[in-house]
Structure formats: C-alpha cells, structure tokens
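Architecture and fold: a report
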Amino acid sequence: DTAVSQTPKYLVTQMGNDKSIKCEQNLGHDTMYWYKQDSKKFLKIMFSYNNKELIINETVPNRFSPKSPDKAHLNLHINSLELGDSAVYFCASSQRASGSWGYEQYFGPGTRLTVT
Amino acid sequence: QKEVEQNSGPLSVPEGAIASLNCTYSDRGSQSFFWYRQYSGKSPELIMSIYSNGDKEDGRFTAQLNKASQYVSLLIRDSQPSDSATYLCAVNGDSNYQLIWGAGTKLIIKP
C-alpha cells in the first residue's frame, strides 16, 4: 500500500523545458506539501495546500506553479527549467496527530530532477 | 528568522552503544518536535514526535524534550549498522502546518 506516491521518480531534461511532477496520497490527509532538497541535503519548503487552498507559498521563482485538483493530489509544474533547479523534490502530506495539535508529515519517495 | 540547529557530524558510534543526537531551536513558543531518519537516496521517514517536556520512548528510540533550554534530543539504544543514516530534527513554524528543519546529523554505526 503506497501512502504518498510521486511520478516520475527520475526526470532528466534540458534547460528551458517545462516539466511537471505529480503527487498522490491515499492517507486521507487534508494537507500536502512540496519540498526541495538540494545537493547539501537541506529540506526547503516550497508550497503547501490544505483542502485545495494554498496556505504556504515560500519565496520561490514564479516559474514554479503548484496545483491541487483535490485534497489527495498535488502537482508541481516548472517552466523554463534552469540548471539550479536540479534537486530532489519531495511531496508530503500531513494531518493533525491523534491526541495532539502537531501535524506529522509523511513523505513520498522523491523525484530526482536533473537539468542539463 | 526561526532556526533549528544540528551538528552535521558525522557522528561515529560503535555497534551496540547508545547514539545521542541533539537539536536546538530558536523559537521559545515552539510546541511540536519531530525526528526523521533519511537513508541515502531515500525520503525522510518519521521516527518520533514529542510535544511535552520529558522523555518519550518507542522501542530502541527515546526522544527527550527540554523546552526551558530549547533543545530536543534523540537517543538510539543498542545501535545497529542499519541505524546509519542522516537524522533530521524538525520543529513547528509559525503555523501547525509548517515545519522548520535542521540540516541533519549524519550518524555512522561502526560494526
């Protein structure tokens, strides 16, 4: 049973191209996220949606555009890809943990994007 | 700017010993604290969450939270080579939805 899935797992493309990454979760969570993890392994939040509403929109180039058609899906479209976009992109989902007010995040397997 | 700090390591621990990982955070108002494990080439995996001062145990893992000193630690008892990974500390940000992440500590368990 895959909880958070992403496609594709690997993406190799040339500068200037447009590409999309898709994410789906079957955990019934209300909130989904996109993270970028660069070569130094630091996790950086990009976007978050709660019930299809954008709630976190960090400072990222407007070439990146998220879309959430429903609360189980969150896609990321990237226009005019640049060398610096090469990284691993993780999707995650969360829901309030039982008996607490913390939101535990669960990650997909990641999409390794290489821009040449 | 809220920050979460971890020693990047690598932290080398002999097999069977206790591995101790530490994390400090800047926001005194933080309420939710998480430890994730990330194997090389894999995604972060939640191993512990803690919300109250004190210790929380789960198998070989113990999370310790001290809000007065603003630190959270993770102890791994009877360390195994399979525990070798990068351990990420995360603390809630301005909203419950948002996590502030440390840069991670690389742990190496030597047989």
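None of the values given here were measured: they were computed from a predicted structure. (Residues numbered from 1 in each chain as written. Chains lettered and ligands numbered in written order. Predicted model: local features only at pLDDT ≥ 70, side-chain atom pairs only at ≥ 80, totals over all residues. Heavy atoms only, no water.)

1. Regarding the overall build of chain A
Heads up, the condition is: Starting at the N terminus, helices and strands are each numbered in turn, a helix being any DSSP run of H or I of at least four residues and a strand any DSSP run of E of at least two. Using C-alpha atoms as the atom set, the radius of gyration is obtained and then compared with a globule rule of 2.2 Å times the number of residues to the power 0.38. Only protein chains enter the accessibility calculation, which uses a 1.4 Å probe. A residue is then buried if its area is under 20% of the maximum for its type, exposed if over 50%, and partly exposed in between. The contact rule is simple, with two residues in contact once any of their heavy atoms fall within 4.5 Å.
Along the backbone of chain A there are zero helices and eleven strands. For chain A, the α and β elements follow one another from N to C terminus as β-β-β-β-β-β-β-β-β-β-β. Against the globule reference of 13 Å for 116 residues, chain A gives a C-alpha radius of gyration of 14 Å, in line with a compact fold. Projected onto its principal axes, the C-alpha coordinates of chain A cover approximately 45 × 25 × 25 Å. Among the 116 residues that make up chain A, the fraction classed as buried is 45%. For chain A, the share of sequence-separated contacts (at least 6 apart) that also reach a separation of at least 24 residues comes to 54%.

2. Points about the state of the cysteines
Keep this limit in mind: Working definition: a disulfide is two cysteine sulfur atoms within 2.5 Å of each other.
Tallied over the full model, the rule gives two disulfides over all chains. The side chain of Cys23(A) participates in a disulfide bridge whose partner is Cys91(A); the two sulfur atoms lie 1.9 Å from each other. With the S-S bond torsion at -75°, the cross-link from Cys23(A) to Cys91(A) turns out left-handed. Of the two residues, Cys23(A) is situated in strand β3 (residues 19–25) and Cys91(A) in strand β9 (residues 87–96); the sequence distance between them amounts to 68 residues. Residue classification places Cys91(A) among the buried residues on the basis of a relative accessible area of 0%. Paired by a disulfide, Cys23(B) and Cys89(B) hold their sulfur atoms 2.0 Å apart.

3. A closer look at the interface of chain A and chain B
The line we're drawing: The buried area of a pairing is the accessible area, by a 1.4 Å probe, that goes missing from both parts when the two are put together, added over both. Salt-bridge detection follows one rule: a side-chain nitrogen of Lys or Arg within 4 Å of a carboxyl oxygen of Asp or Glu. In protein, a polar contact requires one atom able to donate a hydrogen and another able to accept it; more generally it is a pair of N or O atoms within 3.5 Å, and residues adjacent in sequence count only if both atoms are side-chain atoms.
With 24 residues of chain A at the contact, the number on the chain B side is 20 residues. Interface area for chain A against chain B, summed over the two sides, is near 1900 Å², with a carbon-plus-sulfur share of 59%. Inspection of the chain A/chain B interface yields zero salt bridges. In this structure, the connection of chain A to chain B is made through eight residue pairs in polar contact (both at pLDDT 80 or more). Mapped by element, the contributors of at least two residues to the side of chain A that touches chain B are β4 (31–37), β5 (43–50), β6 (53–57), β9 and β10 (103–107) of chain A.

4. Here's the deal with the environment of Lys110(B)
Residues and elements named next belong to chain B. Checked against the element boundaries, lysine 110 lands in strand β11 (residues 105–110). For the pair formed by lysine 110 and phenylalanine 34, sequence separation is 76 residues and the distance between their alpha carbons is 25 Å. Contact partners of lysine 110, with chain neighbours within four places excluded, come to Ser12, Val13, Pro14 and Glu15.

5. Considerations on unusual backbone geometry
All names here are of chain A. The omega torsion across threonine 7 and proline 8 is -5°, close enough to zero to call that bond cis. Looking at the secondary structure, you find proline 8 in the loop between β1 (4–7) and β2 (10–13). In this structure, lysine 52 takes a positive phi of about 70° despite not being glycine. By the element assignment, lysine 52 lies in the loop between β5 and β6.

6. Considering the sheet that holds strand β7 (residues 61–66) of chain B
Backbone hydrogen bonds hold the strands of a sheet together, and the pairing may be parallel or antiparallel. All names here are of chain B. Condition: A strand pair is defined by DSSP finding two or more bridges across the two strands.
Strand order in this open sheet of five strands is β1-β3-β8-β7-β6, and the pairing throughout is antiparallel. The open sheet has two edge strands, β1 (4–5) and β6 (54–58), and neither has a second partner. Here β7 runs beside strand β8 (residues 71–76); their pairing, made up of six bridges, is antiparallel. Bridge pairing in β8 places leucine 65 opposite valine 72.

7. What to know about the sheet that holds β1(A)
Residues and elements named next belong to chain A. Formally: Convention adopted: a line fitted to C-alpha atoms gives each axis, helices being fitted over their contacting stretch, and angles between N-to-C directions are expressed from 0 to 180 degrees.
Reading across the sheet, the four strands line up as β1-β3-β8-β7 and stay open at both edges, with antiparallel pairing between neighbours. The two strands at the open ends of the sheet, each matched to only one other strand, are β1 and β7 (64–70). Across this sheet, the average inter-strand angle for adjacent strands is 20°, counted without regard to direction. Of the strand pairs in this sheet, β3 and strand β8 (residues 73–78) are connected by six bridges, and their pairing is antiparallel.

8. Regarding the pattern of salt bridges
Taken as a whole and assessed by the stated rule, the structure comprises eight salt bridges over all chains. For Glu82(A), the salt bridge goes to Arg63(A), with nearest N and O atoms at 3.5 Å. Of the two residues, Glu82(A) is situated in the loop between β8 and β9 and Arg63(A) in the loop between β6 and β7; the sequence distance between them amounts to 19 residues. Of the residues examined, Glu82(A) reaches a relative accessible area of 41% and is grouped as partly exposed. Overall, the relative accessible area of 13% leaves Arg63(A) in the buried class. For Asp27(B), the salt bridge is made with Lys2(B), and the minimal N-O distance between the two is 3.1 Å. Taken as a pair, Asp27(B) in the loop between β3 (19–25) and β4 (33–38) and Lys2(B) in the segment before β1 lie far apart in primary sequence, 25 residues in all.

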